[in-house]
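Residues per chain, in single letters:
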Amino acid sequence: MKYRFCLLIVICLFFAACGGNQKPVDLSGEKTQNATKYQLGTVSEEALSSSAKLPGQLVPFNNVNLFPKVNGFVKELFVDRGSVVKQGQLLAVLEAPEMESQLQAANSRYLQAEENATASKEKYARLKEAAKEPGSVSPLDLDDASSKMKADQAMAQSEHSNVESVRTMQGYLRIYAPFDGMIIERNVSPGALVSPGKATDQPMFILQDIHKMRLTVDIPEDYVDKVDLTQPVTFTFNAMPGTPYTAKISRSANALGSMRSEAIEIDVQNKNGQLKPGMYAEVQIPMVSGAKSLLVPNNAIIRSTEHEYVIAVNDGKANLVNVKEGLASSDSTEVFGNLKAGDKIVLHGNDEIKQGDSIN
């Protein structure tokens, strides 16, 4: 019995010794070093796409802020927001009592000047008739009468002009539509005091011509010479994705704006009134075929708050190359920078890679 007990102890010690010689399994794997290797891609040179997709915005063909030409109080309003108006239609009437007094005063001065001119003319006519008798009227008196007649006639014409001027000012108390369109804003009510304003002031009305619209598109500086102005443009509005439109480029600014882009305009007919100013569209701008550009995979571009760059590999070292993005597709992006076709670049790079780092 004692022998069996000793044998059992020996066997347990043997298995314990065997278990202690086992090495722990390295779950991290021995290929950790391989995981640090970077995936590389290549810069390619290909022809540009036949078109570029750019955003556009609808604006009215004509848009005006209506201000009064003279000071006055709003007497009557004949339109409101949403009113469709025709050119020359009366929109509002103002009143200015002082203008009526000015007109009466101007009329009085004109009538007086007209009477003086008539009297001077008759006096000159009598003297001229009398001068036919030799020695009856001196030449000096006849000349004075002629001068007085001409001066009075000039004064009468001047007062008549003053009357017409006051009447013209009175005409400014009536506000008319300068073109066909729709009132989109009305900012006054009867009894309000209005006056001629600056562009920053609030207008009486805002009138827009929406029968025909302008679709404005900003072309980036790098593509202004590649746009084919002779080809039709296709566009769809975000609010109506299932309705494509086709039109030609109507005009271009031929100058770069503050955003380093050139504005082009496409005239869009709004026959059924569905299109609204301010709507956004995706516009396919036709490009001149044959132009070549450098393309890189989308995941090769690293974007930071300071710049955009790709990591080129030169002799196994990282070279950070600043680029400017151009047209983009689902898998590649056009870039401008110190690159050439065939250059090796790092895919899925990050800002932890510094200039001169070794790229395995």
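Here the structure is shown first, and the text comes after it.
This report concerns the structure included in the present document. (Residues numbered from 1 in each chain as written. Predicted model: local features only at pLDDT ≥ 70, side-chain atom pairs only at ≥ 80, totals over all residues. Heavy atoms only, no water.)

**Quick word on the packing of aromatic side chains**
Throughout the structure, instances matching the rule amount to three aromatic pairs. With a centroid separation of 5.7 Å and an interplanar angle of 5°, the aromatic rings of Phe235 and Tyr245 are classed as stacked. Remark: Tyr245 occurs in strand S12 (residues 240–248) and Phe235 occurs in strand S11 (residues 232–237); sequence separation between them is 10 residues. Residue Phe235 is classed as buried on the basis of its relative accessible area of 2%. Three or more aromatic residues joined by ring pairs form one cluster here, namely Phe235, Phe237 and Tyr245. When the ring centre of Phe61 is taken as origin, the NZ or CZ atom of Lys212, which lies over that ring, is 4.2 Å away. (Phe/Tyr/Trp six-rings, centres within 6.5 Å; stacked < 30°, edge-to-face > 60°. Helix = DSSP H or I, 4+ residues; strand = E, 2+ residues; numbered from the N terminus. Buried < 20%, exposed > 50% of the residue type's maximum accessible area, 1.4 Å probe, protein only. Lys NZ or Arg CZ within 6 Å of the ring centre and 35° of its normal.)

**Describing the pattern of salt bridges**
Where charged atoms of side chains with opposite charge meet at close range, the side chains can pair. Across all of its chains, the model carries 10 salt bridges by this definition. For Arg186, the salt bridge is made with Asp80, and the minimal N-O distance between the two is 3.4 Å. Of the two residues, Arg186 is situated in strand S8 (residues 181–186) and Asp80 in the loop between strand S4 (72–77) and strand S5 (84–85); the sequence distance between them amounts to 106 residues. As a salt-bridge pair, Arg303 and Glu325 come within 2.8 Å of each other at their nearest N and O atoms. Of this pair, Arg303 sits in strand S17 (residues 302–303) while Glu325 is found in strand S19 (residues 317–328), placing the two residues 22 residues apart along the sequence. What makes Arg303 partly exposed here is its relative accessible area of 49%. (Salt bridge = Lys/Arg side-chain N within 4 Å of Asp/Glu carboxyl O.)

**What about the environment of Val227?**
Structurally, the position occupied by Val227 is in the loop between strand S10 (205–220) and S11. By relative accessible area, Val227 is classed as buried at 12%. When the C-alpha positions of Val227 and Val288 are compared, they lie 6.0 Å apart, and in sequence the two are 61 residues distant.

**Topic: helix H4 (residues 139–171)**
The end-to-end C-alpha separation of H4 is 48 Å, in line with the 48 Å expected for 33 residues at 1.5 Å each. Among all positions in H4, only Leu142, Ala145, Ser146, Met149, Asp152, Ala156, Glu159, Val163 and Val166 are buried. The inward-facing, buried residues of H4 abut helix H3 (97–130). (Expected span 1.5 Å × (residues − 1). Contact = heavy atoms within 4.5 Å.)

That's the geometry; what it means functionally is another story.
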